[in-house]
Amino acid sequence: MTGRKIIHIDMDAFYASVEQRDNPELRGKPVAVGHAEERGVVAAASYEARRFGVRSAMSSQKAKRLCPQLVFIPGRMDVYKSVSRQIHEIFHEYTDVIEPISLDEAFLDVTENKPGILLAVDIAKEIKRKVRERLSLVASAGVSYNKFLAKIASDYRKPDGLCTIHPDQALEFIARLPIESFWGVGPVTAKKMHALGIHNGEQLRACSQAMLMREFGKVGGVYYDFARGIDLRPVEAVRVRKSVGCEHTLEKDINRQDQNLAYSADGIRFEKYDGNPILAEAPSDNNPADFRDPKVWQEDDGFRMVVGSRDKDGLGRVLLYSSRDLKQWDYVGAIAGAESVEHEGFM
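Residues numbered from 1 in each chain as written. Predicted model: local features only at pLDDT ≥ 70, side-chain atom pairs only at ≥ 80, totals over all residues. Heavy atoms only, no water.

Caption draft 1: Geometry of the sheet that holds strand S4 (residues 71-73). Read across the sheet, 3 strands follow the order S3-S2-S4 without closing on themselves; strand pairing throughout is mixed. The strands lining the two open edges of the sheet, one partner per strand, are strand S3 (42-45) and S4. Ignoring which end each strand starts from, the neighbouring axes of this sheet average 30 degrees apart. Where strand S2 (residues 31-34) lies against S3, 3 bridges are found, and the strand directions are antiparallel. Bridge assignment links Gly34 to a residue of S3, and that residue is Val42. Packed onto the sheet, helix H1 (residues 14-22) meets S2, S3 and S4 and runs at close to 110 degrees relative to S2. (Pairing = 2+ DSSP bridges. Helix = DSSP H or I, 4+ residues; strand = E, 2+ residues; numbered from the N terminus. Axes fitted to C-alpha atoms, helices over the stretch in contact; angles between N-to-C directions. Contact = heavy atoms within 4.5 Å.)

Caption draft 2: Just helix H6 (residues 147-156), in detail. Of all 10 residues in H6, 8 are buried; the element is thus mostly enclosed. The distance from a side-chain oxygen at the start of H6 to the backbone nitrogen of Phe148 is 3.3 Å, and the residue carrying that oxygen is Asn146. (Buried < 20%, exposed > 50% of the residue type's maximum accessible area, 1.4 Å probe, protein only. Polar contact = N/O pair within 3.5 Å; in protein donor to acceptor, adjacent residues only side chain to side chain.)

Caption draft 3: Representation of helix H11 (residues 219-226) within the structure. Counted residue by residue, H11 has 6 buried out of 8 residues, so it is predominantly covered. All of the buried residues along H11 are Val219, Gly220, Gly221, Val222, Tyr223 and Phe226.

Caption draft 4: Examining the side chain of Glu19 more closely. Along the chain, the position of Glu19 falls in helix H1. In this structure Glu19 comes out as buried when scored by relative accessible area, which is 5%. Among all residues touching Glu19, those that are not within four sequence positions of it are Leu26, Val33, Ile73, Pro74, Arg76 and Tyr80.

Caption draft 5: The sheet that holds strand S1 (residues 6-11), seen in detail. Spatially, 5 strands are ordered S5-S6-S1-S7-S8 in an open sheet, and the strand pairing comes out mixed. With partners counted over all chains shown, the strands left at the sheet margins are strand S5 (98-102) and strand S8 (162-164), one partner each. Taken over all neighbouring pairs, the strand axes of this sheet differ in orientation by 15 degrees on average, direction set aside.

Caption draft 6: Region of interest: the environment of Asp22. For Asp22, the position within the fold is in helix H1. Owing to a relative accessible area of 37%, Asp22 belongs among the partly exposed residues under this scheme. Sequence spacing of Asp22 and Ser136 is 114 residues, and the spatial spacing of their C-alpha atoms is 9.6 Å. Not counting residues up to four positions away in its chain, the partners in contact with Asp22 are Arg76 and Val79.

Caption draft 7: Representation of the pattern of salt bridges. Considering all chains together, one arrives at 17 salt bridges under this definition. The closest approach of N and O atoms between Asp22 and Arg21, which form a salt bridge, is 2.8 Å. Its salt-bridge partner being Asp231, residue Arg233 comes within 2.7 Å of it at the nearest N-O pair. As far as the burial class goes, Arg233 and Asp231 line up, both buried. By sharing partners, the salt bridges in this structure join Glu19, Arg21, Asp22 and Arg76 into a single network. (Salt bridge = Lys/Arg side-chain N within 4 Å of Asp/Glu carboxyl O.)

Caption draft 8: Structural detail: the environment of Met211. Structurally, the position occupied by Met211 is in helix H10 (residues 209-216). Met211 gets classed as buried once you look at its relative accessible area, which sits at 16%. The spacing of Met211 and Tyr224 is 13 residues in sequence and 9.6 Å in space, taken between C-alpha atoms. Residue contacts for Met211: discarding those within four places in its chain leaves Leu196 and Ile198.

Caption draft 9: Just the packing of H1 against helix H4 (residues 77-91), in detail. One way to put it is that H1 packs onto H4 with a least axis distance of 11 Å and a crossing angle of 95 degrees. The angle between H1 and H4 falls in the class roughly perpendicular. Taking contact as the criterion, the partners of Phe14, Tyr15, Val18, Glu19, Arg21 and Asp22 in H1 are, on H4, Met77, Val79, Tyr80, Val83, Ser84 and Ile87. (Parallel < 35°, antiparallel > 145°, perpendicular 65-115°, else oblique.)

Caption draft 10: Expanded view of unusual backbone geometry. Each neighbour pair has its own omega, and for Lys158 with Pro159 the value is -5 degrees, a cis peptide bond. Assignment of secondary structure puts Pro159 in the loop between H6 and S8. Positive phi, close to 45 degrees, is recorded for Ala13, a residue that is not glycine. One can find Ala13 in the loop between S1 and H1. A relative accessible area of 3% places Ala13 in the buried class.

Caption draft 11: Seen up close, the environment of Ser82. By secondary structure assignment, the location of Ser82 is in helix H4. Between the C-alpha atoms of Ser82 and Leu103, which are 21 residues apart in sequence, the distance is 9.5 Å.

Caption draft 12: Highlighting the pairing of strand S6 (residues 105-109). The element S6 is extensively covered by neighbouring structure, given that 5 of its 5 residues are classed as buried. A two-sided burial pattern is seen for S6, the buried positions comprising Glu105, Phe107 and Asp109 on one face and Ala106 and Leu108 on the other. Sheet topology places S1 next to S6; 5 bridges connect them, and they run antiparallel. Among the inter-strand pairings, Asp10 is bridged to a residue of S6, identified as Glu105. Inspection of the sheet shows S5 paired to S6 by 4 bridges, in the antiparallel sense. The residue bridging Ser102 from the neighbouring strand is Glu105, located in S6.

Honestly, that's just the spatial picture; any functional story needs more than this.
Below, the structure is given as structure tokens:
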């Protein structure tokens, strides 16, 4: 299916860039969206902050050690959602076959597009220009014949990147690709790959399908295809479920001097102060969210939860939800092909 035309759009440092756009005093400064408190977590980091090593899902304390001049800004989820809708309005000028991955990231199938533009790269250029002119934000775009390569391409020249991977260039491009850049390969899988002598796409391509499936299960077959530039997944223009009911019945309280530790039935840990669940165990560098242990933390406007899952192809996804009352959880977005919230580009 090399005749398809797929674009992956990824907004650059989205939350932080919106804050810098709306507050000129923040422009050029290292900015983190999140809270600076002891148990705080960085939700997003500007590129100025990333130069110091600050990353999404990093503990605020570590971020401040890396960048003492870091400016923390509370998140404004309603604003980010509104800007995301404006971005999607631009997408719909070209196609309605849009698969949102998160608020700031989406796949577009422009094989057949509304303006009848022949080259997908020209559509990507127009989208980038309109995002900059209308919204004063910067997007990176990747163009290829499938989702795997379009995603790789959008990351390739960030920020403000535009990269096209043509079918006749794909195998050579993949051969040079570090194994950590493959969709679905996070830190744990990469470590196992290295132990097997697999460090790049060329070495992955040399492995048999049987060997990869023996070592990695069903997803090994996906790695086998990716190494050969094969990804038959369509861009699915489906409406994501907007909310998920999540009623937490706390099973027991453990009394300590000034707090109670309460454990919910589904394994999410809440810390209770004065009998109220106001904070839960947050993801950090030493304790990242993974598929076994959902994590919840508090923001000014409510709570956030990350929880892992796998799609039908066995690839990992980290899902992000928000809640005001710890009962009704609203879907925010997801990373496809991730093992933890440490995955670059979560926010």
